[in-house]
Amino acid sequence: MKLRRSFFARSVHEVAPELVGATLLVGGVGGRIVEVEAYDREDPAAHSYRGQTARNASMFGPPGHAYVYRSYGVHWCLNLVCEDASAALVRALEPTHGLDTMAARRGTAEPRLLTVGPGRLAQALGITSEHDGLPLDRPPFELYAGEDVQVETGPRVGITKATERPWRYGEAGSKFLSRPLKRRRRS
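Report follows, based on the coordinates.

Definitions and cut-offs
Residues numbered from 1 in each chain as written. Predicted model: local features only at pLDDT ≥ 70, side-chain atom pairs only at ≥ 80, totals over all residues. Heavy atoms only, no water. Helix = DSSP H or I, 4+ residues; strand = E, 2+ residues; numbered from the N terminus. Contact = heavy atoms within 4.5 Å. Phe/Tyr/Trp six-rings, centres within 6.5 Å; stacked < 30°, edge-to-face > 60°. Buried < 20%, exposed > 50% of the residue type's maximum accessible area, 1.4 Å probe, protein only. Lys NZ or Arg CZ within 6 Å of the ring centre and 35° of its normal. Pairing = 2+ DSSP bridges. Arc of directions from axis to C-beta. Salt bridge = Lys/Arg side-chain N within 4 Å of Asp/Glu carboxyl O.

1. Quick look at the side chain of Ser58
Then step 1. The residue Ser58 is located in the loop between strand S2 (29–39) and strand S3 (66–71) in this model.
Then step 2. Every residue in contact with Ser58, bar those within four places of it in the chain, is listed here: Ala66, Tyr67, Val81, Asp132 and Gly133.

Following this line, the structure appears as structure tokens:
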């Protein structure tokens, strides 16, 4: 079942754990989402925290669109916009579609190194600023609901503010997580 924009029209804290196990394809390339992080408007680590700018304008748009930004001037990062200027950062996929394309983009055929971490993931999927603001239920994006998986939560990584919040969601036991998650489990 395809996920529509309406799926994202609710709290990022409801959406983010439900994304784990879903399939994300960009131009037919991608795989199963195994790790995401939630960022809401009241969160000092969120790009929307200090208000709208040209860089974060997509976060303030309607739910169900991509928010793509450049991290440290090096890597693109893909976020899925939810209601109220919040978003789920896609941190890792289990690659299943277009492995040859991902390998060419990443310069490696090692499956674990294709889409583990938001920068590698964006490079493997061909994500650029051109994807910012695009609807997630139209090409080049395809999102499909996944099967129920065991989801673990833990603190977010790679940030300096609000690091204690357990808003990182990952599939229990997945070898494609960017870092191990060993906190509490959610069904």
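2. Here's the deal with the packing of aromatic side chains
Then step 1. For the structure on display, the rule yields 2 aromatic pairs.
Then step 2. Summarising the aromatic geometry, the rings of Phe7 and Phe8 are spaced 5.0 Å apart at their centres and angled 85° between planes, so their arrangement reads as edge-to-face. This pair shows no difference in class: Phe7 is buried, exactly as Phe8 is.
Then step 3. Its end group placed over the ring of Phe7, Arg10 keeps NZ or CZ at 4.6 Å from the ring centre.

3. So, the pairing of S2
Then step 1. Burial analysis of S2 places 11 of its 11 residues in the buried class, the great majority of the element.
Then step 2. In this structure, strand S1 (residues 23–26) lies alongside S2, joined through 4 bridges in antiparallel fashion. Paired with Thr23 across the bridge in S2 is Arg32.
Then step 3. Between the antiparallel neighbours S1 and S2 lie 2 residues, among them Gly27 with a positive phi of about 60°.
Then step 4. Relative to strand S5 (residues 86–97), S2 is paired through 9 bridges, and the arrangement is antiparallel. Looking at the pairing, Arg32 lines up with Glu94 of S5.
Then step 5. Of the strand pairs in this sheet, S2 and strand S8 (residues 168–171) are connected by 3 bridges, and their pairing is antiparallel. What sits directly across from Val36, in S8, is Tyr169.

4. Here's the deal with helix H2 (residues 99–106)
Side chains that are three or four residues apart share a direction in an α-helix, a result of its 3.6 residues per turn.
Then step 1. Buried residues of H2: Met102, Ala103 and Arg106, and no others. Within H2, the buried residues cover an arc of 100° as seen down the axis, which keeps them to one side. Summarising the geometry of H2, the exposed residues directed more than 90 degrees from the buried face are Asp100 and Ala104.
Then step 2. In this fold, the buried residues of H2 make contact with S2, S5, helix H3 (111–114) and helix H4 (118–125).
Then step 3. Positive backbone phi, approximately 75°, marks Gly107, located one or two places after H2.

5. Quick word on the pattern of salt bridges
Oppositely charged side chains can pair when the atoms bearing their charge come close.
Then step 1. Per the counting criterion, the structure on display carries 9 salt bridges.
Then step 2. Close ionic contact of Arg91 with Glu35 constitutes a salt bridge, the shortest N to O distance being 3.0 Å. Within this pair, whereas Arg91 is found in strand S5, its partner Glu35 is found in strand S2, the two being separated by 56 residues in sequence. Each of the two residues, Arg91 as well as Glu35, counts as buried.
Then step 3. A single network of salt bridges, built from pairs that share partners, joins Arg32, Glu94, Glu147 and Glu171.

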